[in-house]
Amino acid sequence: MLSASANKLSRLKEQAEEYAALIMEELDPEGLGYIELWQLETLLLQKDTYMNYSQALSYTSQALSQNLAGLRKKSPIRKISTTLSYYLEDNWKRLWVLALWIGIMAGLFTWKFMQYRNRYVFNVMGYCVTTAKGAAETLKLNMAIILLPVCRNTITWLRNTRAARALPFDDNINFHKTIAAAIVVGIILHAGNHLVCDFPRLINSSNEKYAPLGQYFGETKPTYFRLVKGVEGITGVIMVICMIIAFTLATRWFRRSLVKLPKPFDKLTGFNAFWYSHHLFIIVYLALVVHGQFLYLIHDWYRKTTWMYLAVPVCLYAGERVLRFFRSGSYSVRLLKVAIYPGNVLTLQMSKPPAFRYKSGQYMFVQCPAVSPFEWHPFSITSAPGDDYLSIHVRQLGDWTRELKRVFAAACEPPVGGKSGLLRADETTKKALPKLLIDGPYGSPAQDYSKYDVLLLVGLGIGATPFISILKDLLNNIIRMEEEEDASTDLYPPVGPNKPHIDLSTLMTVTSRPKRVLRTTNAYFYWVTREQGSFDWFKGVMNEIAELDQRNIIEMHNYLTSVYEEGDARSALITMLQALNHAKNGVDIVSGTKVYSTVELQFLHKN
């Protein structure tokens with residue numbers, strides 16, 4: 001009861017007596033009415049057999065202690081070298097890309113710095129102008145390449161090329177954020193040096209020093225206000241204001257509504273504020289092009305390089321947005337089934353457009369005009385490529401998903417007998433279902449699962465949705481391979497003394513078919529959730545997979561953790577790693593054996 005209360009597990013609290021009885025049944029087969037500490041140790045260590053309950057497993061504890069002691073005896077140098085080797089193995093793609101990017105920025109900064117260091121303007125403005133111009137050159141580069149990580153169609157295509165071996169496409173959003181941080185630093189150096197250093201030194205310079213600069217700023221020495229209100233100053237201020245708004249509303253505190261503001265300022269938090277403010281980039285890029293054409297110290301058009309940096313990335317990004325616009329209009333889908341499960345999970349099953357080709361693990365964007373005619377939100381595809389439909393699972397996490405659930409709940413009908421789900425709707429429903437538009441598919445790290453012999457799939461909460469598609473796809477491929485083998489056996493029976501002879505045409509028909517090769521031999525799926533209610537909707541999904549898996553190919557385990565802080569993946573993974581030591585007593589949905597769940601110590605959970 002105490003554990004259930006501390007971990008906010010209300011349903012466990014309701015069934016505490018049942019779980020306690022199950023634990024006693026497992027650990028006290030002799031009916032003594034009590035258990036001892038070593039018996040709890042036995043349960044936690046999850047030995048294959050409990051052997052003799054009359055003695056403690058002290059040798060197991062000693063063995064574990066010896067293993068840990070062996071790890072502690074490593075020398076500091078060996079520990080550092082091991083840690084460094086693992087770090088390089090995991091991050092070498094990121095490191096070389098970051099090193100190249102930083103090297104290019106350093107080169108551009110140095111080149112422009114030295115260029116202005118050798119010009120007369122340095123005698124008037126000093127290192128202020130050299131630093132500002134060096135930062136401006138890095139800003140041009142970063143304003144160009146910041147668009148590349150969000151060109152999703154291009155990245156999805158590149159994932160299937162050899163470039164994926166050397167480039168970390170899985171970190172495209174992180175790289176986008178890193179470039180944004182570099183842009184902030186560049187703006188501070190560029191605008192800051194101009195406003196608080198360059199302009200005051202120019203205004204306060206003597207007439208003799210200013211005279212050679214008259215060709216750039218006019219024969220009469222300008223005032224501070226005149227410098228700021230010029231085209232260069234106005235466009236610069238516009239860009240800075242727009243970037244401050246977009247950067248602030250894109251931070252985690254505002255994007256996830258962690259900052260509570262009074263009305264009407266509460267509209268400045270949430271995904272909508274982030275999404276719409278990010279479209280200020282259109283104004284920023286227009287102002288940047290104008291800013292680059294009206295430079296004080298450069299008059300030759302071929303030396304105004306801002307448009308040269310931006311041309312290719314902007315055209316590529318614009319082409320992607322145009323493609324997404326037309327493709328989303330051509331991908332008309334028809335809703336086949338809607339179900340709303342406990343745990344605030346909405347399941348949408350829709351028709352699959354003929355031209356929609358995807359891999360398991362990928363995601364697509366979904367728009368519901370009844371909720372918002374402009375917002376597109378990404379969701380993992382939970383159906384397998386071989387299915388004749390598309391499906392997604394949406395959990396209520398924000399304003400848009402809350403409204404989406406409300407709209408579909410209004411169109412649903414109460415479930416009939418024998419069907420799961422609180423509310424349900426399909427093509428026979430009397431009420432009209434809202435319209436959906438889709439765009440995609442787009443690549444993700446999970447789509448590369450087929451490259452591995454053994455899969456360990458670890459899903460945290462609603463983040464397990466990509467693995468649903470992967471498990472279905474694995475089983476569909478296995479079934480398809482078996483059907484092809486059976487068909488080949490029928491066409492090409494074994495030849496022997498009493499067997500008929502196979503003619504050449506039959507032999508060529510069989511051998512010309514490309515054989516389907518499935519590299520993956522085993523898949524272990526661990527699902528860790530912090531909400532017990534999530535079992536209700538996930539159980540139905542796993543049962544569908546279990547019905548297909550008649551050969552017990554996939555082993556699945558469910559673990560309920562005490563993690564209730566959003567994003568605390570580390571604690572959940574620790575629980576999962578502990579569970580790996582005793583996987584045989586986990587939730588084995590496939591074979592339909594007795595069901596167990598683990599909450600730190602251990603309790604038994606009936607499925």
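Residues numbered from 1 in each chain as written. Predicted model: local features only at pLDDT ≥ 70, side-chain atom pairs only at ≥ 80, totals over all residues. Heavy atoms only, no water.

Looking up the protein in an unreviewed UniProt entry gives the name FAD-binding FR-type domain-containing protein, with the organism given as Sorghum bicolor. As its UniProt record puts it under Sequence similarities (unreviewed entry), the protein is described as follows: "Belongs to the RBOH (TC 5.B.1.3) family." What the UniProt record of the protein gives under Subcellular location (unreviewed entry) is the line "Membrane". (UniProt positions renumbered as here; feature names shortened; annotations may be inferred.)

Chemist: With reference to specific residues and values, describe the side chain of Glu137.
Modeler: Relative to the helices and strands, Glu137 resides in helix H8 (residues 127-145). For Glu137, a relative accessible area of 2% gives the class buried. With residues near it in sequence (within four places) discarded, Glu137 still touches Leu108, Trp111, Lys112, Thr305 and Tyr309. (Helix = DSSP H or I, 4+ residues; strand = E, 2+ residues; numbered from the N terminus. Buried < 20%, exposed > 50% of the residue type's maximum accessible area, 1.4 Å probe, protein only. Contact = heavy atoms within 4.5 Å.)

Chemist: Kindly report on the state of the cysteines, identifying the contributing residues and their values.
Modeler: Considering all chains together, one arrives at one disulfide under this definition. Shown here is the disulfide that connects Cys128 with Cys197, its sulfur atoms set 1.5 Å apart. You can see Cys128 sitting in helix H8 and its partner Cys197 sitting in helix H10 (residues 172-203), a full 69 residues away along the chain. (Disulfide = S-S within 2.5 Å.)

Chemist: Hey, could you go over the pairing of strand S2 (residues 345-351) for me, with residue numbers and the actual values?
Modeler: S2 sits mainly inside the fold: seven of its seven residues count as buried. For strand S1 (residues 335-341) and S2, the ladder comprises six bridges, and the chain directions are antiparallel. Looking across to S2, one finds that Leu335 is bridged to Met350. As defined by bridge partners, S2 adjoins strand S5 (residues 389-395) across seven bridges and the pair is classed as antiparallel. Paired with Val345 across the bridge in S5 is Arg395. (Pairing = 2+ DSSP bridges.)

Chemist: Which residues make up the pattern of salt bridges, and what values do they have?
Modeler: On inspection of all chains with the given rule, the structure shows six salt bridges. Here Asp171 makes a salt bridge to Arg94, at a shortest N to O gap of 2.4 Å. Placement of the pair is Asp171 in the loop between helix H9 (152-159) and H10 and Arg94 in helix H6 (residues 76-117), with a sequence separation of 77 residues. We classify Arg94 as partly exposed; its relative accessible area is 34%. (Salt bridge = Lys/Arg side-chain N within 4 Å of Asp/Glu carboxyl O.)

Chemist: With reference to specific residues and values, describe the UniProt feature "transmembrane region" (unreviewed entry) in the protein.
Modeler: Taking the UniProt record as the reference, the feature "transmembrane region" (unreviewed entry) is found at residues 95-114, 234-254, 274-298 and 454-471. From the first C-alpha to the last, residues 95-114 spans 28 Å; its make-up is 100% helix and 0% strand.

Chemist: I'd like to hear about the environment of Ala273, residue by residue, with values.
Modeler: Within the secondary structure, Ala273 is located in helix H16 (residues 271-278). Exposure remark for Ala273: the relative accessible area of 11% places this residue in the buried category. With 27 residues separating them along the chain, Ala273 and Ala246 place their C-alpha atoms 8.9 Å apart. With near-sequence residues (within four places) excluded, Ala273 lies in contact with Leu249, Lys267 and Leu268.

Chemist: Lay out the packing of helix H14 (residues 231-250) against helix H17 (residues 281-293) in plain terms, naming residues and giving numbers.
Modeler: Closest axis-to-axis distance for the H14/H17 pair is 9 Å, and the angle between their directions is 155 degrees. The orientation of H14 with respect to H17, classified from their angle, is roughly antiparallel. Once H14 is placed against H17, the crossing between them reads as left-handed. Along the contact surface, H14 presents Val231, Glu232, Thr235, Gly236, Ile238, Met239, Cys242 and Met243, while H17 presents Ile283, Val284, Ala287, Leu288, Val290 and His291. Tallied by class, the residues present in the contact of H14 with H17 amount to 10 nonpolar, three polar and one charged. (Axes fitted to C-alpha atoms, helices over the stretch in contact; angles between N-to-C directions. Parallel < 35°, antiparallel > 145°, perpendicular 65-115°, else oblique. Left-handed = near helix turned anticlockwise from the far one by under 90°. Nonpolar A, V, L, I, M, F, W, Y, C, P; charged D, E, K, R; others polar.)

Chemist: Before we move on, could you go through the sheet that holds strand S7 (residues 437-442) and cite the residues and values that matter?
Modeler: Adjacent strands of a sheet pair through backbone hydrogen bonds, lying either parallel or antiparallel. On the basis of which strands lie adjacent, the open sheet formed by three strands has the order S4-S3-S7 and antiparallel pairing. Strand pairing shows two members of the sheet lacking a second neighbour, strand S4 (377-380) and S7, which therefore form its edges. When the angles between neighbouring strand axes are averaged without regard to direction, this sheet yields 30 degrees. Here four bridges tie strand S3 (residues 363-367) to S7, and the two strands are oriented antiparallel to one another. Among the inter-strand pairings, Val366 is bridged to a residue of S7, identified as Ile438. Running over the sheet, H9 touches S3 and S7 and is turned about 40 degrees from S7.

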